[in-house]
Amino acid sequence: MDEFTPPPPDLAASPPPPPPAAISGSPTDFLKGVVGKKVIVRLTSGVDYRGVLSCLDGYMNIAMEQTAEYVNGVVTNQYGDAFIRGNNVLYISADEPL
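Before going into details, it helps to say that this report is about the structure given with it. (Residues numbered from 1 in each chain as written. Predicted model: local features only at pLDDT ≥ 70, side-chain atom pairs only at ≥ 80, totals over all residues. Heavy atoms only, no water.)

Counting its regular elements, the protein contains one helix and five strands. The order of helices and strands in the protein, counted from the N terminus, is α-β-β-β-β-β. Out of the 98 residues belonging to the protein, those deemed buried represent 23%. The contacts of the protein with a sequence gap of at least 6 include a subset with a gap of at least 24, amounting to 38%. Taken as a whole, the protein presents about 7,200 Å² of accessible surface, with 58% of it coming from carbon and sulfur. (Helix = DSSP H or I, 4+ residues; strand = E, 2+ residues; numbered from the N terminus. Buried < 20%, exposed > 50% of the residue type's maximum accessible area, 1.4 Å probe, protein only. Contact = heavy atoms within 4.5 Å. Areas by Shrake-Rupley, 256 points an atom, 1.4 Å probe, with all protein chains shown as cover.)

Here it is in structure tokens:
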């Protein structure tokens, strides 16, 4: 060992870090948890809608409030309310911590 190499850590002196929290829950639990929160909805066309998720149904039809439309990362339109047909939805992601 040269003068620039730090000594090896004493593994017996400190306990191992806890494992990361496992992400559990079903997609249904996630969707119930984001109702009323800011979300990003990506359509199959690549267009994103960001706003507050008002409600959705079993077909993934979505109602949003305070919605902004993003095309290639640029805001192209603002809507008070937006309704998105479920067959156009690629995914829904949370836009704020749950």
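This paragraph deals with the nonpolar core. Of all hydrophobic cores here, the largest spans 13 residues; its most connected members are Val 41, Ile 62 and Ile 84. Only α1 (27–34), β1 (38–43), β2 (48–56), β3 (62–71) and β5 (89–94) provide two or more residues apiece to this core. Looking at this core element by element, the count peaks at three residues for β1. In this view, Val 41 contacts Val 47, Asp 48, Tyr 49, Ile 62, Met 64, Ile 84, Val 89, Tyr 91 and Ile 92; residues no more than four positions away in its chain are not counted. (Core = buried A, V, L, I, M, F, W, Y, C linked by side-chain atoms within 4.5 Å.)

Next up on the list: the pairing of β1. One ladder, built from five bridges, connects β1 with β2; its direction is antiparallel. Opposite Ile 40, over in β2, you have Arg 50 as the bridge partner. Between β1 and β2, which pair antiparallel and follow one another directly, the connecting turn spans four residues, one of which, Gly 46, has a positive phi of 95°. Pairing analysis gives five bridges linking β1 to β5, with the strands arranged antiparallel. What sits directly across from Leu 43, in β5, is Val 89. (Pairing = 2+ DSSP bridges.)

This part takes up unusual backbone geometry. Of note in the backbone geometry, Met 60 takes a positive phi value of approximately 70° without being a glycine. Structurally, Met 60 is set in the loop between β2 and β3. Positive phi, close to 50°, is recorded for Gln 66, a residue that is not glycine. Tracing the backbone shows Gln 66 in strand β3.

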